[in-house]
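Each chain is listed here by its residues.
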Amino acid sequence: MDQTTINRPTGNFKMNLNFRRAKNANAPAITGSISTPEHPDKMFDFSAFAQQETDKDTGEVKTYFIGPVNNATTMREALSQTKENGTHFIAIRPNQFKVFATLEDGSPNPAYEALSEQDKQKEDGKPSWWGKWTRTAEQPVLDCSAWEREPSRYGPWASGNTQHHMTKEQLQGEEHTVDAEPERTNRRSRSRAQDADMAR
């Protein structure tokens, strides 16, 4: 899905595979940059390390990625900064509501192949990754979403946006606004579908 269809203010979100991890087993799996909806051009670096959790309902072991966001803006600030526990970190998970065209090993996904062309387009439009940027007690958590991009010379990567979280009630209020603007329904409905996924 082209995130330019989103009408709410957005920041930027970019994820890269950390190519240095091949030489250092302790290196983060993901590095990237992130910005807020208020200041989309002011980018902060982050790194995220692989963690595992067990699904309470199914017992399935799932991998997610979590790590710090470097919110320092100057060298002096970076060198003197002491992080508070539970602040400025990002948690990233694959979108479990998306049917991917390929499996994790790169082979074709039979579930995707069984879909109609219309449903394939719908699944292709969903973000591949969801994230949460937890900042401070005074700053609200930001939702993150990223779409897979064509590999660059540095390998696979994904990019997308950050947004302020919306409750189901807020999303429903946005739907009423859309109903009042029928000429823009198609464009806005794509945005609502993405927002509904993020709110889960």
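What counts, and where the lines are drawn
- Residues numbered from 1 in each chain as written.
- Predicted model: local features only at pLDDT ≥ 70, side-chain atom pairs only at ≥ 80, totals over all residues.
- Heavy atoms only, no water.
- Helix = DSSP H or I, 4+ residues; strand = E, 2+ residues; numbered from the N terminus.
- Buried < 20%, exposed > 50% of the residue type's maximum accessible area, 1.4 Å probe, protein only.
- Contact = heavy atoms within 4.5 Å.
- Areas by Shrake-Rupley, 256 points an atom, 1.4 Å probe, with all protein chains shown as cover.
- Phe/Tyr/Trp six-rings, centres within 6.5 Å; stacked < 30°, edge-to-face > 60°.
- Lys NZ or Arg CZ within 6 Å of the ring centre and 35° of its normal.
- Polar contact = N/O pair within 3.5 Å; in protein donor to acceptor, adjacent residues only side chain to side chain.
- Core = buried A, V, L, I, M, F, W, Y, C linked by side-chain atoms within 4.5 Å.
- Salt bridge = Lys/Arg side-chain N within 4 Å of Asp/Glu carboxyl O.
- 1 Å grid on protein atoms, 1.4 Å probe; cavity = no way out; pocket = protein on both sides within 12 Å on 5 of 7 lines; lining within 4 Å.
- Points joined across faces, edges and corners; volume = space filled by probe spheres on them.
- Nonpolar A, V, L, I, M, F, W, Y, C, P; charged D, E, K, R; others polar.
- Pairing = 2+ DSSP bridges.

K.L.:
What's the story with the overall build of the protein chain in this structure? I'm lost.
P.N.:
Looking only at helices and strands, the protein chain features five helices and eight strands. In the protein chain, which comprises 200 residues, the share counted as buried stands at 36%. At a minimum sequence separation of 6, the contacts of the protein chain that also span at least 24 residues come to 50%. Accessible surface for the protein chain amounts to roughly 12,600 Å². Of this, 51% is attributable to carbon and sulfur atoms.

K.L.:
Even after reading the chapter, I still don't get the packing of aromatic side chains, so can you show me in this structure?
P.N.:
Taken as a whole, this structure holds three aromatic pairs when the rule is applied. Taken together, a centroid distance of 6.2 Å and an interplanar angle of 70° make the contact between Phe65 and Trp129 edge-to-face. Of this pair, Phe65 sits in strand 4 (residues 61-70) while Trp129 sits in strand 6 (residues 129-134), and the two are 64 residues apart along the sequence. The buried category is assigned to Trp129, whose relative accessible area is 17%. Above the ring of Trp157, the side-chain terminus of Lys14 is found at 5.2 Å from the ring centroid. Sitting above the plane of the Tyr64 ring, Arg93 keeps its charged end 4.4 Å from the centroid.

K.L.:
Is there a simple way to explain the side chain of Asp143 in this structure?
P.N.:
Of note, Asp143 is situated in strand 7 (residues 142-148). A distance of 2.7 Å separates the side chain of Asp143 from the side chain of His165, its partner in a polar contact.

K.L.:
Sorry if this is basic, but what is going on with the nonpolar core here?
P.N.:
The nonpolar side chains of a soluble globular protein tend to be buried, and buried together. Judged by nonpolar contacts, the single largest core of 18 residues is most densely connected at Phe13, Met15, Ile34, Phe46, Ile90 and Ile92. Elements with a contribution of two residues or more to this core: strand 1 (11-17), strand 2 (30-34), strand 3 (44-54), strand 4, strand 5 (89-94), strand 6 and strand 7. Residues contacting Phe46, with those up to four places away along its chain left out, are Phe13, Lys14, Met15, Ile30, Thr31, Gly32, Ser33, Ile34, Pro68, Val69, Ile90 and Ile92.

K.L.:
Whenever I open this one, the pattern of salt bridges confuses me. Can you help?
P.N.:
Oppositely charged side chains may form a pair once their charged atoms are brought near each other. Per the stated rule, a full pass over the model turns up six salt bridges. Across the pair Glu117 and Lys120 runs a salt bridge whose closest N-O atoms are separated by 3.6 Å. Here Glu117 pairs with Lys120, and both are found in helix 3 (residues 117-124), just three residues apart, close to one helical turn. Lys120 gets classed as buried once you look at its relative accessible area, which sits at 12%.

K.L.:
What is the right way to read the environment of Phe100 from this model?
P.N.:
Positionally, Phe100 belongs in the loop between strand 5 and helix 2 (110-113). Placed 20 residues apart in sequence, Phe100 and Lys120 show a C-alpha to C-alpha distance of 9.1 Å. Excluding residues that lie within four positions of it along the chain, Phe100 makes contacts with Asn95, Asn109, Tyr112 and Ser128.

K.L.:
Explain the layout of surface pockets to me, please; I cannot follow it from the model alone.
P.N.:
By volume, the largest pocket is sized at about 1,300 Å³. Lining the largest pocket are 37 residues, with Arg93, Pro94, Asn95, Gln96 and Phe100 positioned closest to its centre. It is strand 4 that provides the largest number of residues to the lining of the largest pocket, a total of five residues. Among the residues making up the lining of the largest pocket, the classes are represented as 16 nonpolar, nine polar and twelve charged.

K.L.:
Even after reading the chapter, I still don't get the pairing of strand 8 (residues 157-164), so can you show me in this structure?
P.N.:
Put simply, side chains in a regular strand alternate between the two faces of the sheet. Counting buried residues along strand 8, six of its eight residues qualify, which places the element largely inside the surrounding structure. Sheet topology note: the strand 7/strand 8 ladder contains seven bridges and is antiparallel. Across the sheet, residue Leu142 finds its bridge partner in strand 8, namely His164.

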